[in-house]
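Secondary and tertiary structure notes
Here is how the chains run, residue by residue.
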Amino acid sequence: MDNPSVFITRKVPEDTIAPLREVADVKMWDYEDTPVPRDILLEEAETATALYTILSDGIDRELFERAKHLKVVGNLAVGYDNVDVGAATEHGVVVCNTPDVLTDTTADLAFALLMAAARRIPEAEQYIKEGKWGNWSPLLLAGQDIHHKTLGIVGMGRIGESVAKRATGFEMEILYHNRSRNEKAEKELGATYALFDEILERADFVLNLTPLTSETKGMFNRNVFSKMKKNAIFLNVGRGGAVVEEDLVAAIKQGDIAGAGLDVFQKEPIPEDHPLVQLPNVVCLPHIGSASVETRKAMCSLTARNIRNVLSGERPEAAVNWDEIK
Ligand code: GLV
């Protein structure tokens, strides 16, 4: 029998896919910066047994209809809103993701973004680099305190808990909103469950960590920003689709909120003339939540193991629709 075939849609470290090469013929789109063109992705999907994908690949119904041999999609991310899981399940394709291995790294980034936005760190660094530091003065580049402030976490899963843990070190009050109560966060981290509106009214930092679904799409809109405190900083380390960006720009320009820290955007990548990039009180990052070398390699290895397991008929470490298919 022929070996199964795996198509990897972006260049990944070779050592992380060694286990896959032992059991399958592996083909990799060998470019770091260039996404695989849609027609090539569809062509490869037609013959592949497995696809190893990244979060910017649109793995949709059209693809599943054409991919007659496909058994598994291993997505290199914890989020899988780029994959039509319903269509995958109908076609008997297992969809895998990479939870857990990125939890602490992403929480570190979320907290770094909070601190950068609150204490105006990118602006301050730019100030020196542009040769503007002539004198010290009492309120020069003064930002907002972080310690003892109120953090409102929207979406209290593993990453939310990990951010809350960091916030305890800063003696912050931690509010969270989630579809279901998180008793662990309440008991172990002293987090308090709050209604969404209560978070908006009380939090100094509102952090979105929700996955992108039909319920969360556009949930941070004009009305929501208008309910936040004027000194509030909005942070997004979930998905850009949760935010109506025009409304965020307007809210910041009008002074409804004080600023934002964003790792994710509605349509990525964003250009340098994007309205959010133009605002001095917004810190923008290019979707680097899980981007430490250790964690990205751990995610690559997990994706390879997930695919290998499915190809060998074993339960993968992380799949989102395994039980619906088996
Ligand atoms: C990154 O955004 C991920 O979902 O892993």
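Here, every reference points to the structure presented above.
Residues numbered from 1 in each chain as written. Predicted model: local features only at pLDDT ≥ 70, side-chain atom pairs only at ≥ 80, totals over all residues. Heavy atoms only, no water.

1. A word on the overall build of the protein
For the protein, the helix and strand inventory stands at 13 helices and 12 strands. The C-alpha radius of gyration of the protein comes to 21 Å, within 12% of the 20 Å expected for a compact globule of 326 residues. By sequence separation, contacts in the protein at least 24 residues apart represent 57% of the contacts at least 6 residues apart. For the protein, the exposed area adds up to about 16100 Å²; of that, 51% sits on carbon and sulfur atoms. (Helix = DSSP H or I, 4+ residues; strand = E, 2+ residues; numbered from the N terminus. Rg over C-alpha atoms; globule rule 2.2 N^0.38 Å. Contact = heavy atoms within 4.5 Å. Areas by Shrake-Rupley, 256 points an atom, 1.4 Å probe, with all protein chains shown as cover.)

2. A short note on the packing of helix H5 (residues 103–118) against helix H7 (residues 158–169)
How two helices sit against one another is set out by the angle between their axes and by the gap between those axes. At their nearest, the axes of H5 and H7 sit 8 Å apart, and the two run at 55 degrees to each other. Considering their axes alone, H5 and H7 lie oblique with respect to each other. Here H5 runs over H7; the crossing is right-handed. Residue-level contacts link Thr 103, Asp 104, Thr 106, Ala 107, Asp 108, Ala 110 and Phe 111 of H5 to Arg 158, Ile 159, Ser 162, Val 163, Arg 166 and Ala 167 of H7. Of the residues in the contact of H5 with H7, the class split is 6 nonpolar, 3 polar and 4 charged. (Axes fitted to C-alpha atoms, helices over the stretch in contact; angles between N-to-C directions. Parallel < 35°, antiparallel > 145°, perpendicular 65-115°, else oblique. Left-handed = near helix turned anticlockwise from the far one by under 90°. Nonpolar A, V, L, I, M, F, W, Y, C, P; charged D, E, K, R; others polar.)

3. Describing the sheet that holds strand S9 (residues 205–208)
A sheet is described by the order of its strands in space; here 7 strands give the open sequence S8-S7-S6-S9-S10-S11-S12, paired in parallel fashion. Of all the strands in the sheet, just strand S8 (192–193) and strand S12 (282–284) have a single pairing partner and so form its edges. Where strand S6 (residues 150–154) lies against S9, 4 bridges are found, and the strand directions are parallel. The partner of Gly 152 across the bridge, within S9, is Val 206. Strands in contact with H5 are S6, S9, strand S10 (233–236), strand S11 (259–262) and S12; relative to S10, the strand with the most contacts, it is inclined by about 150 degrees. (Pairing = 2+ DSSP bridges.)

4. Quick look at the site of the ligand
As a matter of local geometry, the ligand sits amid Leu 55, Ala 77, Val 78, Gly 79, Leu 102, Arg 239 and His 287. Between the ligand and Val 78, the relevant distance is 2.8 Å, taken from an oxygen atom to a main-chain nitrogen or oxygen of the residue. Between the ligand and Arg 239, the relevant distance is 2.7 Å, taken from an oxygen atom to a side-chain nitrogen or oxygen of the residue. For the ligand, whose accessible area on its own is 190 Å², the fraction buried by protein is 87%. Partitioned by chemical class, the residues of the shell around the ligand number 4 nonpolar, 2 polar and 1 charged. (Near = heavy atom within 4 Å. Polar contact = N/O pair within 3.5 Å; in protein donor to acceptor, adjacent residues only side chain to side chain.)

5. Description of the nonpolar core
Formed by 51 residues in total, the largest nonpolar core has its most connected members in Val 6, Ile 17, Tyr 52, Leu 151, Ile 153, Val 163 and Phe 205. Take this core: its biggest share by element is 8 residues, from H5. There are two domains that each give this core at least three residues, and those are domain 1 (5–99 + 293–325) and domain 2 (103–284). Every residue in contact with Leu 151, bar those within four places of it in the chain, is listed here: Leu 114, Val 163, Ala 167, Met 172, Glu 173, Ile 174, Leu 175, Ala 203, Phe 205 and Leu 207. Membership of the second largest hydrophobic core comes to 28 residues, among which are Phe 196, Leu 200, Met 228 and Leu 248. (Core = buried A, V, L, I, M, F, W, Y, C linked by side-chain atoms within 4.5 Å. Buried < 20%, exposed > 50% of the residue type's maximum accessible area, 1.4 Å probe, protein only. Domains from an automatic or database assignment.)

By themselves these figures say nothing about function.
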